[in-house]
Amino acid sequence: MAENWRGECSNPNAKTLVPGKQDDSSKKNKKKKETGSQFEFCTVCNLNHDQGQRHKYFPSHKKSLSACLSRFESKLADVRFFLRNPAALRPEHASRNRFWCIFCDVDVEELGSSFACSNAINHLSSVDHLKSLKHFMWKYGGGMDRLDSFRILDADVTKWRKKCATLKKEAALSEDRCHGPLSGLSNDIHREPNIGIVDHFEDNYTVYPLKSSILNGVTPLQYNTNEQQILYPEIAGGPNAGSLPTKLVSSNASLHSADDSNGVEGNVHSGAAPPWLDSSEHSLVDYNIKSFSVNVASHSNKLEKSRKLNPKRVGAAWAEKRKIEMELEKRGEIAKKECDSGWLPNFGRVWQSGSRKESRREFEMEKQTLLKKETESEISKEIQPYISKRIRKDAAE
Amino acid sequence: MSYVLTTLTKKREVDSVIRDTIDKVLVLRFGRASDAECMQLDDILAKSAREVSKFATVALVDIDSEDVQVYVKYFDITLTPSSVFFFNAHHMKMDCGTADHTKWIGAFRRKQDFIDVVEANYRGAMKGKLIVNCPLPPERIPRYQLLYKDM
């Protein structure tokens, strides 16, 4: 038994355990011999196992592997987007663009890159990455036919590089065309945030030339919408390309509001117009948005409150309905309904069998019988004046 | 006393109170304000109404009013004062160890008793229970005998 345990055993107590095991039946000994390999760590399942090569075929491992790979693929989807549509990378967003490559066990950061995901693209197309990718797939049984979905082919990379080069040229041209004298000023303003960020990055961080940071509205990986995509080429060639940040704000207020979710300019919570709406449409939309936002705010407050209230509480459905009714009545949309005189609340009577509706029905029936009795008694009770016998006799005669 | 609490004399008023009290326990006292035990109960209700105001509303209903006789019959009110508990227009029953679970008959000994009873009702209602157990010990629950008609 002891010879099956190699020197590098993750279980330090193995040697002390083994002598005890020798006393067990021969079946257990045989089992030990079969598995008998050292403990390995499976990064996919995040556990130590001694099943050796068999582990990668177990269903639990297969599940975790597919989950892992699909997660990585979704991250790559973002990178691929920027591969097809290269856009300049602003320094503030650089920290958001990094990702962890599970095959190489390395963190790919976007330092010193002028274009979004350029480091990532370079990494994914490199030979080292391919090697580690193959090793990973062999070790964890990923399926060698899917290799290409986790790397970027050379042809694509060259295309991307060409696009980047053309973008750079365009930016340089546009920058030369306008705002030459102002570039000095705007450089300073642009450099302020850069100086702030320098502290965070350890490696050689270079301050970007104006042209790349001016290619504005460059959003981090999160914003992949087509609207953003459409806006980029417009702005890259536009006259506002070299403007000051304040102008950027005013002319590209829409983009800024898209960038920062808690921006000063306006956001969903403050009721600002969404960026895809033109300024011409603002007036029409504003009123609707304001009224809607007010509704949303008040409704969200109510929603929060009702979320706290137990939905299983007594009469919950009735309460919700009634609240809405009262809200509408307040606003005057629905005239106050005078509840009919026959309305009775849900009441369980003393001698009640069955549901409470039955008690109400019983009561209604009782009411009806009572009414009948009363009317009958009224009919029978006709008060007649007293006529004396003598007068009656006379009348009869 | 009963100047603090609203006294209802018409069925419509009672209906609106029941329908408008949402997510709060509604305590409807049926009784005569001139009756001694009723006065005692009213005193306790008036003093504690503010303290339970966040989760309960208290209202007084005059039994002698004709409009309300429907409710007097519907709720089987015979002994006064009787307090009926509602939550979101649903009637809350309470098991006090007495014969009648549908209402509370008599007055409360202390303010705290009343608050405890209302709290028990509220907690049960929030959990979705239509009948709750009375938190008071038996010595503090007024005893009475129900004489049944047609039995």
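The name an unreviewed UniProt entry gives chain B is Thioredoxin-like protein 4B, with Punica granatum as the organism. Quoted verbatim from the Subunit (unreviewed entry) heading of the UniProt record, the comment on chain B is "Homodimer. Interacts with the U5-102 kDa protein subunit of the spliceosome." As its UniProt record puts it under Function (unreviewed entry), chain B is described as follows: "Essential role in pre-mRNA splicing. Required in cell cycle progression for S/G(2) transition."

Chain A is annotated in an unreviewed UniProt entry as TITAN-like protein isoform X2 from Punica granatum.

Peer 1: Explanation requested: the overall build of chain A in the structure shown.
Peer 2: Per the secondary structure count, chain A includes 16 helices and four strands. Taking all 397 residues of chain A together, 32% fall into the buried category. Here the contacts in chain A between residues at least 6 apart in sequence split such that 54% fall between residues at least 24 apart. Total accessible area on chain A stands at roughly 26400 Å², and carbon and sulfur atoms take up 55% of it.

Peer 1: Just to check I follow, could you spell out the interface of chain A and chain B for this structure?
Peer 2: How big an interface is tends to be reported as the loss of accessible area on association of its parts. Counting residues at the interface gives 34 residues for chain A, matched by 33 residues for chain B. The interface formed by chain A and chain B contains three salt bridges. Its salt-bridge partner being Asp23(B), residue Lys323(A) comes within 3.2 Å of it at the nearest N-O pair. For the interface between chain A and chain B, the tally reads eight residue pairs in polar contact (both at pLDDT 80 or more). Looking at the side of chain A that touches chain B, the elements that each hand over two or more residues are helix H14 (316-331) and helix H15 (356-380) of chain A.

Peer 1: Looking at this model, I keep getting lost on the nonpolar core. Mind explaining?
Peer 2: Generally speaking, soluble globular proteins have nonpolar side chains that are buried together. Within the largest apolar cluster, 38 residues are counted, with the highest numbers of intra-cluster contacts made by Phe72(A), Val79(A), Phe99(A), Phe103(A), Ile121(A), Phe136(A) and Phe150(A). When residues of this core are traced back to their parent elements, those giving at least two are helix H3 (59-84), strand S3 (99-101), helix H5 (118-125), helix H6 (127-140) and helix H7 (154-177) of chain A. Here Phe72(A) is in contact with Phe99(A), Trp100(A), Cys101(A), Ile102(A), Phe103(A) and Phe150(A), once residues within four sequence places are set aside. In terms of nonpolar packing, the next biggest core, distinct from the first, is built from 33 residues, Leu5(B), Val25(B), Leu45(B) and Phe87(B) among them.

Peer 1: So what exactly am I meant to see when it comes to the confidence of the model for chain B here?
Peer 2: Interpretation of the predicted coordinates at a detailed level should be avoided for regions scoring low in pLDDT. Residues and elements named next belong to chain B. Scored by pLDDT, chain B comes out at a mean of 89, with 95% of its residues at no less than 70. When pLDDT is averaged over each element of chain B, strand S2 (residues 25-31) comes out on top at 94 and helix H3 (residues 69-74) at the bottom at 88. The complex prediction reports pTM at 0.43, with the ipTM value standing at 0.79.

Peer 1: So what exactly am I meant to see when it comes to the side chain of His49(A) here?
Peer 2: All names here are of chain A. Structurally, His 49 is set in strand S2 (residues 47-49). Under the relative-accessibility criterion, His 49 is labelled buried at 5%. Polar side-chain contacts of His 49 include one of 3.3 Å to the backbone nitrogen of Gln 51. For His 49, the residues in contact, after removing those within four places along its chain, are Gln 38, Phe 39, Glu 40, Cys 42 and His 55.

Peer 1: Any chance you could explain a positive patch on the surface here in plain terms?
Peer 2: All names here are of chain A. There is a patch of like positive charges on the surface, built from Lys 389, Arg 390, Arg 392 and Lys 393. As for its position among the elements, Lys 389 is in helix H16 (residues 389-396). Judged by relative accessible area, Lys 389 falls into the exposed class, the value being 66%.

Peer 1: How do you make sense of the packing of aromatic side chains when you look at a structure like this?
Peer 2: One pair of aromatic rings is described through two measures. These are the centre distance and the angle between the planes. All told, the structure shown has 16 aromatic pairs over all chains when counted by the stated rule. Ring geometry for Tyr74(B) against Phe75(B): centres 5.5 Å apart, planes inclined by 35 degrees, an arrangement best described as tilted. The pair formed by Tyr74(B) and Phe75(B) is uniform in burial state, with each residue classed as buried. Here the aromatic residues Phe347(A), Phe30(B), Tyr71(B), Tyr74(B), Phe75(B) and Phe86(B) are joined through ring pairs into a cluster of three or more.

Peer 1: Looking at this structure, I do not really get the packing of H3(A) against H5(A). What am I missing?
Peer 2: Between two packed helices, both the angle of their axes relative to each other and the distance between the axes serve to describe the pair. All names here are of chain A. Remark: H3 packs on H5, axes separated minimally by 10 Å, with the N-to-C direction vectors making an angle of 105 degrees. Relative to H5, the element H3 lies roughly perpendicular. Across from Leu 76, Val 79, Phe 82 and Leu 83 in H3, the residues of H5 making contact are Ala 120, Ile 121 and Leu 124. Its residues assigned to classes, the contact of H3 with H5 comprises seven nonpolar, no polar and no charged.

Analysis parameters
- Residues numbered from 1 in each chain as written.
- Chains lettered and ligands numbered in written order.
- Predicted model: local features only at pLDDT ≥ 70, side-chain atom pairs only at ≥ 80, totals over all residues.
- Heavy atoms only, no water.
- UniProt positions renumbered as here; feature names shortened; annotations may be inferred.
- Helix = DSSP H or I, 4+ residues; strand = E, 2+ residues; numbered from the N terminus.
- Buried < 20%, exposed > 50% of the residue type's maximum accessible area, 1.4 Å probe, protein only.
- Contact = heavy atoms within 4.5 Å.
- Areas by Shrake-Rupley, 256 points an atom, 1.4 Å probe, with all protein chains shown as cover.
- Salt bridge = Lys/Arg side-chain N within 4 Å of Asp/Glu carboxyl O.
- Polar contact = N/O pair within 3.5 Å; in protein donor to acceptor, adjacent residues only side chain to side chain.
- Core = buried A, V, L, I, M, F, W, Y, C linked by side-chain atoms within 4.5 Å.
- pLDDT = per-residue confidence, 0-100.
- Patch = residues over 30% accessible without salt bridge, like charges linked within 9 Å, V, L, I, M, F, W, Y side chains within 5 Å.
- Lys, Arg positive; Asp, Glu negative; His and termini not counted.
- Charge placed at Lys NZ, Arg CZ, Asp CG, Glu CD.
- Phe/Tyr/Trp six-rings, centres within 6.5 Å; stacked < 30°, edge-to-face > 60°.
- Axes fitted to C-alpha atoms, helices over the stretch in contact; angles between N-to-C directions.
- Parallel < 35°, antiparallel > 145°, perpendicular 65-115°, else oblique.
- Nonpolar A, V, L, I, M, F, W, Y, C, P; charged D, E, K, R; others polar.

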